[in-house]
Amino acid sequence: MSQAISFLGLPDHLAEGRPRAVIFGAGHGSAYPGRDSLSASGAAAIRAASQADAPLIGHWDFDLGGPLFGDGPVSCVDIGDVETVAGDGAGNRARIAARTAEVLGAGAAPILLGGDDSVVIPFLAGFAGHGPVWVLQIDAHIDWRDELHGERHGYSSPMRRASEMAHVAGIVQVGMRGVGSARAEEIAAARRYGSHLVTAREVHAQGVEAALRHIPEGARLVITLDCDGLDPGVMPGVAAPTPGGLSYTEAIDLIAGAGRRATIAGFDLVELYPEADAGGLTALTAARLVVNAVGAMVR
């Protein structure tokens, strides 16, 4: 696969050895009838925002406590985007799941740049045969609708569909606040499943341990990060900005803490809406979050 630029200027393959993490994008998932993804160009915006740091990849990173790849060689690649088509939900899901499974089959951890939250469903589906996995969702919403507008694979349903996957052992959801698509019946369904719901206020009051304590030590973990999980003061470019979200520091502490407690087997970042961004701040913050995820996975 190819694109005009890659994340951090990373290569699309390694001359020697196998990558430990593989980045790819997906612009379209399963849109609701008559609607297209507001985040179709999200991956391109994240890659563009990362370019200023591309020449600095070997420099000291204070978020990570050292260079991104430590003293070792580059161990992450960017293989470009999965070919997706607006309106082809079934085809998009099949292609995203297949690419995820392909990366896992090669012994690497997949990193998906979305795209709206519907791409998370096939991303998690791609872990079938590579489980069990736990899911850590960072989001303002619980995404537990069974269907919306007749669509069962849209961006309001990722955690509901994940709960039905045999290879998903448990779910921790963090960052919820305000109101969204969840009704009392969705909260009840999530609780019946056993999902651990940790609000943004709980993280502000207790720290990230309020969420991390629910992740079993040594588990294989997939982190799914919706940009609206963070406060719009640092990530304004989202479809549904909601005040009171996680800070950048809380988000990277969650990622780092998860990496110490478990093995991060995959990561995705979704719901970046470039047209609503303010001075590129959301894309810049997203790029830094991806750097932190890469660091937690390969260092």
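Preceding block: the structure.
Computed from a prediction, not measured in an experiment: that's the story for all the values here.

Could you clarify how one ought to interpret the packing of helix 1 (residues 42-50) against helix 9 (residues 281-298) in this entry?
When two helices pack together, their arrangement is given by the angle between the helix axes and by the axis-to-axis distance. Running from amino to carboxyl end, helix 1 crosses helix 9 at an angle of 80°, the nearest separation of the two axes being 8 Å. In this view, helix 1 runs roughly perpendicular relative to helix 9, as classed from their interaxial angle. Residues Ala 45, Ile 46, Ala 49 and Ser 50 of helix 1 form the contact with helix 9, whose own contacting residues are Ala 283, Leu 284, Ala 286, Ala 287 and Val 290. Split into classes, the residues belonging to the contact of helix 1 with helix 9 amount to 8 nonpolar, 1 polar and no charged.

Any chance you could explain the environment of Asp 143 here in plain terms?
As for its position among the elements, Asp 143 is in the loop between strand 4 (133-138) and helix 4 (158-163). Overall, the relative accessible area of 5% leaves Asp 143 in the buried class. Along the chain, Asp 143 and Ser 118 lie 25 residues apart, while their C-alpha atoms are 9.8 Å from each other. The residues contacting Asp 143, other than those within four sequence positions of it, are Asp 117, Gln 137, Tyr 155, Ser 156, Ser 157, Pro 158, Met 159 and Arg 160. There is a polar contact of 3.2 Å between the side chain of Asp 143 and the side chain of Gln 137.

Explain the sheet that holds strand 4 to me, please; I cannot follow it from the model alone.
Within a sheet, adjacent strands bond to each other through the backbone by hydrogen bonds, running parallel or antiparallel. Pairing in this open sheet of 8 strands is parallel, and the strands run 2-1-3-8-7-4-5-6 from one edge to the other. In the strand order of this sheet, the two ends are held by strand 2 (76-81) and strand 6 (196-199), each with one partner. On average, adjacent strands in this sheet sit at an angle of 15° to one another, irrespective of strand direction. Note: strand 3 (residues 109-114) against strand 8 (residues 263-270), 3 bridges, orientation parallel. Bridge pairing links Ile 111 to Phe 267 in strand 8.

How do you make sense of the packing of aromatic side chains when you look at a structure like this?
Each aromatic ring pair is summarised here by two numbers: the centre-to-centre distance and the angle between the ring planes. Evaluated as defined, the whole model comprises 4 aromatic pairs. For the ring pair Phe 123 and Phe 127, a centre distance of 5.6 Å and an interplane angle of 85° mean the geometry is edge-to-face. Like Phe 127, Phe 123 is buried. Through a chain of ring-to-ring contacts, the aromatic side chains of Phe 24, Phe 123 and Phe 127 assemble into a single cluster.

For this particular structure, what's the right way to read the environment of Ala 278?
Tracing the sequence through the fold places Ala 278 in the loop between strand 8 and helix 9. On the accessibility criterion, Ala 278 (44% relative accessible area) is partly exposed. Along the primary structure Ala 278 and Met 235 are separated by 43 residues, whereas in three dimensions their C-alpha atoms are 8.5 Å apart.

Teacher, can you tell me more about the side chain of Asn 292 here?
Note that Asn 292 resides in helix 9. Its relative accessible area of 5% is what places Asn 292 among the buried residues. One polar contact links Asn 292 to Asp 63, side chain to side chain, over a distance of 3.2 Å. Once residues lying within four places of it in the same chain are set aside, the contact partners of Asn 292 are Asp 63, Leu 64, Tyr 248, Ile 252 and Ile 255.

What exactly am I supposed to notice about the pattern of salt bridges here?
Here the structure, examined in full by the defined rule, presents 14 salt bridges. A salt bridge links Arg 183 to Glu 185; its shortest N-O distance comes to 3.2 Å. On the basis of relative accessible area, Arg 183 is assigned to the partly exposed category, the value being 38%. Taking the shortest distance from any N to any O, the salt bridge between Glu 217 and Arg 261 comes out at 3.7 Å. Of this pair, Glu 217 sits in the loop between helix 7 (209-212) and strand 7 (220-226) while Arg 261 sits in helix 8 (residues 248-261); the two residues are 44 residues apart in sequence, bridging distant segments of the chain. For Arg 261, a relative accessible area of 23% corresponds to the partly exposed category. One connected set of salt bridges, linked through shared partners, spans Asp 53, Asp 61, Asp 63 and Arg 288.

Conventions we followed
- Residues numbered from 1 in each chain as written.
- Predicted model: local features only at pLDDT ≥ 70, side-chain atom pairs only at ≥ 80, totals over all residues.
- Heavy atoms only, no water.
- Axes fitted to C-alpha atoms, helices over the stretch in contact; angles between N-to-C directions.
- Helix = DSSP H or I, 4+ residues; strand = E, 2+ residues; numbered from the N terminus.
- Parallel < 35°, antiparallel > 145°, perpendicular 65-115°, else oblique.
- Contact = heavy atoms within 4.5 Å.
- Nonpolar A, V, L, I, M, F, W, Y, C, P; charged D, E, K, R; others polar.
- Buried < 20%, exposed > 50% of the residue type's maximum accessible area, 1.4 Å probe, protein only.
- Polar contact = N/O pair within 3.5 Å; in protein donor to acceptor, adjacent residues only side chain to side chain.
- Pairing = 2+ DSSP bridges.
- Phe/Tyr/Trp six-rings, centres within 6.5 Å; stacked < 30°, edge-to-face > 60°.
- Salt bridge = Lys/Arg side-chain N within 4 Å of Asp/Glu carboxyl O.

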